[in-house]
Amino acid sequence: MPLSPPVAPLDGRDGRELLLRNFRPQSQLRVPAHPRTHAAFPVVDVHTHFYYKLRGNSQAIDDFVKLMDRNQIALCVSLDGKLGNQLDAHMKELWTDYRDRFVIFANIDWQGDGAADDPASWDCHRRGFAERTSEKLRDAVSRGVSGLKIFKRFGLGYKNPDGSLIKIDDPRWDPIWQTCGELEIPVIIHTADPAAFFDPIDETNERWEELSRHPDWSFYGDKFPSRDSLLADRNRVIARHPKTQFIGAHMANNSEDLATVGQWLDQYPNLWVEPASRINELGRQPYTARDFIIRYADRILFGTDGPWPEARLRYYWRFFETRDENFPYSEKVPPPQGIWTIDGIDLPDDVLKKIYHENAAKLIPGVAERLAAFRRDPPATNNRKVSQ
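Here is a short report on the structure shown in this document. Keep in mind that this is a model prediction, so the values were computed, not measured. (Residues numbered from 1 in each chain as written. Predicted model: local features only at pLDDT ≥ 70, side-chain atom pairs only at ≥ 80, totals over all residues. Heavy atoms only, no water.)

1. Focus on the overall build of the chain
Helices and strands together make up the secondary structure of the chain, namely 15 helices and seven strands. Over its C-alpha trace the chain gives a radius of gyration of 22 Å, about what one expects of a compact globule, namely 21 Å for 388 residues. Taking the principal axes of its C-alpha atoms as reference, the chain extends roughly 70 × 60 × 45 Å. Here the chain, with 388 residues, has 53% of them falling under the buried criterion. Carbon and sulfur atoms provide 50% of the accessible area of the chain, an area that totals close to 18200 Å². Across the chain, 52 positive and 57 negative side-chain charges occur, with their mean positions spaced 3 Å apart. (Helix = DSSP H or I, 4+ residues; strand = E, 2+ residues; numbered from the N terminus. Rg over C-alpha atoms; globule rule 2.2 N^0.38 Å. Buried < 20%, exposed > 50% of the residue type's maximum accessible area, 1.4 Å probe, protein only. Areas by Shrake-Rupley, 256 points an atom, 1.4 Å probe, with all protein chains shown as cover. Lys, Arg positive; Asp, Glu negative; His and termini not counted. Charge placed at Lys NZ, Arg CZ, Asp CG, Glu CD.)

See the structure below:
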């Protein structure tokens with residue numbers, strides 16, 4: 001049989017068509033650039049995942065602490081302390097050598113000793129689960145835990161015995177939120193996901209390239225609740241528990257619509273937000289983002305979703321501190337969250353200080369003491385003096 005002629009690559013060259021996944025545009029703009037090698041003021045990163053991303057790698061933790069020193073990151077909040085053995089292990093791996101540089105949040109173990117594929121066997125569906133979890137939280141806080149993290153599978157993945165998805169505002173969990181208020185620890189909650197993840201993966205979806213690589217990130221269709229309903233469920237919990245402080249992770253997962261986030265902040269005085277993995281969205285609306293952040297400067301924390309490579313962290317400093325235009329938000333090629341670049345928002349120093357560390361020191365137990373220690377004995381990396 002004769003061999004078939006080779007198929008020409010769809011690389012856009014010599015008149016050929018171009019696959020979107022092969023698109024690598026190089027901008028011809030020539031604009032001023034002011035890269036940042038470290039933050040202007042001490043930073044508290046309230047959104048990191050050291051257990052899930054580094055998996056107990058002590059050398060990687062050592063290396064990242066050196067990166068923190070270089071970038072003036074005073075401390076990180078690791079959100080990976082699932083109640084039980086994982087919390088014990090996470091405390092040991094972070095606090096044996098670096099207790100002054102890390103704060104730990106607990107997670108709820110919804111499954112317990114149940115089978116992963118049998119929700120009816122999960123601990124959360126047994127009588128007294130919320131009360132047992134509340135007692136575990138009290139014990140964790142007595143041992144130094146500073147908050148509670150709720151992951152996005154709460155509302156999008158965890159199921160009831162009948163196969164329906166557990167609702168965020170299910171009153172069964174009210175004792176947990178109430179206990180967090182009594183313990184004066186915040187709840188950082190990831191609800192829903194970017195708006196594009198709830199739309200069809202078609203030619204109109206601005207995150208098509210990303211979703212084509214990760215189709216499991218799509219929540220489009222009748223299998224899942226709508227994004228609006230998930231956010232409304234979360235907001236009902238916030239309204240029901242005014243004495244508990246809630247942090248809406250990823251700009252309350254509505255960074256595409258900051259006007260609505262502002263309405264939530266006006267309506268719920270116990271809601272805070274942070275920008276982890278969302279400077280890609282904020283940086284393509286720099287005027288709107290700057291106005292929003294300055295207006296709500298007392299309610300915004302700093303977060304990255306790290307630990308990330310140093311190159312990505314430095315884009316955060318450049319975004320918040322300069323008025324540079326048309327620069328990347330990630331070191332990856334292609335960029336992971338939209339094929340576009342961002343502009344800086346050049347925040348005033350007083351706003352930067354609030355976002356970088358002052359708000360976290362007011363809200364999260366254990367931060368103020370660690371921040372004070374960092375200022376008393378700043379790292380000597382590059383002989384750089386810590387700015388106040």
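Now that the structure has been shown, the text picks up again.
2. Focus: the packing of aromatic side chains
According to the stated counting rule, one finds 24 aromatic pairs in the structure shown. Judged by centre distance (5.7 Å) and plane angle (65°), the rings of Trp122 and Tyr158 are edge-to-face. Here the residue Trp122 occupies a position in the loop between β3 (102-107) and α4 (129-142), and Tyr158 occupies one in the loop between α5 (153-156) and α6 (174-183), the gap between them amounting to 36 residues. Of the two residues, Trp122 and Tyr158, both sit in the buried class. Ring geometry for Phe198 versus Phe219: centroids 5.5 Å apart, planes at 35°, classification tilted. With Phe198 in the loop between β5 (187-189) and α7 (208-213) and Phe219 in the loop between α7 and α8 (227-240), this residue pair connects regions lying 21 residues apart in the sequence. Here the two residues Phe198 and Phe219 agree in accessibility, since each one is buried. Among the aromatic residues, those joined into a ring-pair cluster are Trp110, Trp122, Phe129, Phe154, Tyr158, Trp173, Trp177 and Phe246. (Phe/Tyr/Trp six-rings, centres within 6.5 Å; stacked < 30°, edge-to-face > 60°.)

3. Focus: a nonpolar patch on the surface
A contiguous nonpolar patch, built from Leu18, Leu20 and Phe23 and spanning about 240 Å² of accessible area, is present on the exposed surface. Among the secondary structure elements, Leu20 is positioned in the segment before β1 (43-48). (Patch = residues over 30% accessible without salt bridge, like charges linked within 9 Å, V, L, I, M, F, W, Y side chains within 5 Å. Salt bridge = Lys/Arg side-chain N within 4 Å of Asp/Glu carboxyl O.)

4. Structural notes on the sheet that holds β5
Within a sheet, each strand pairs with its neighbour through backbone hydrogen bonds, oriented either parallel or antiparallel. Spatial ordering of the open sheet is given by β1-β2-β3-β4-β5-β6-β7, a layout of seven strands whose pairing is parallel. A strand with exactly one partner marks an edge of an open sheet, and here the two such strands are β1 and β7 (271-273). The mean angle between the axes of side-by-side strands here comes to 30°, regardless of whether they run parallel or antiparallel. Relative to strand β6 (residues 246-248), β5 runs parallel, the two being bridged by three bridges. What sits directly across from Ile188, in β6, is Ile247. The strands that helix α15 (residues 367-376) touches are β1, β2 (73-82) and β3; relative to β2, the one it contacts most, it runs at about 145°. (Pairing = 2+ DSSP bridges. Axes fitted to C-alpha atoms, helices over the stretch in contact; angles between N-to-C directions. Contact = heavy atoms within 4.5 Å.)

5. Some thoughts on helix α13 (residues 310-321)
The periodicity of an α-helix, 3.6 residues per turn, causes residues three or four positions apart to be oriented the same way. Taking 1.5 Å of rise per residue, 12 residues should cover 16 Å, and α13 covers 17 Å from first to last C-alpha, within 8% of that figure. The buried count for α13 comes to 10 of 12 residues, which makes it a mostly enclosed element. For α13, the set of buried residues is Glu310, Arg312, Leu313, Tyr315, Tyr316, Trp317, Arg318, Phe319, Phe320 and Glu321. Considering only its buried residues, α13 is in contact with β1, α2 (58-71), β2, α11 (279-282), α12 (286-295) and α14 (349-363). (Expected span 1.5 Å × (residues − 1).)

6. Some points on the packing of helix α10 (residues 258-267) against α12
Packing of α10 against α12 brings their axes to within 10 Å, and their N-to-C directions diverge by 10°. Comparing their axes, α12 and α10 come out roughly parallel. On the side of α10, the interface is formed by Leu258, Val261, Gly262, Leu265 and Asp266, while α12 contributes Thr288, Ala289, Phe292 and Arg295. Classifying every residue of the contact of α10 with α12 by side-chain character gives five nonpolar, two polar and two charged. (Parallel < 35°, antiparallel > 145°, perpendicular 65-115°, else oblique. Nonpolar A, V, L, I, M, F, W, Y, C, P; charged D, E, K, R; others polar.)

7. Quick look at the state of the cysteines
A complete count under the given rule lists zero disulfides for this structure. We note that Cys180 lacks a disulfide partner, and the nearest cysteine sulfur, in Cys124, lies 16 Å from it. According to the relative accessible area criterion, Cys180 is buried, its value standing at 0%. (Disulfide = S-S within 2.5 Å.)

8. Notes on unusual backbone geometry
A cis amide bond, omega 10°, links Gly306 with the succeeding residue Pro307. When you line up the elements, Pro307 lands in the loop between α12 and α13. Pro334 follows Val333 through a cis peptide bond whose omega is -5°. Structurally, Pro334 can be placed in the loop between α13 and α14.

9. Concerning the environment of Ala60
Along the polypeptide, Ala60 turns up in helix α2. Note: C-alpha distance between Ala60 and Phe50 (10 residues apart in sequence) is 9.7 Å.

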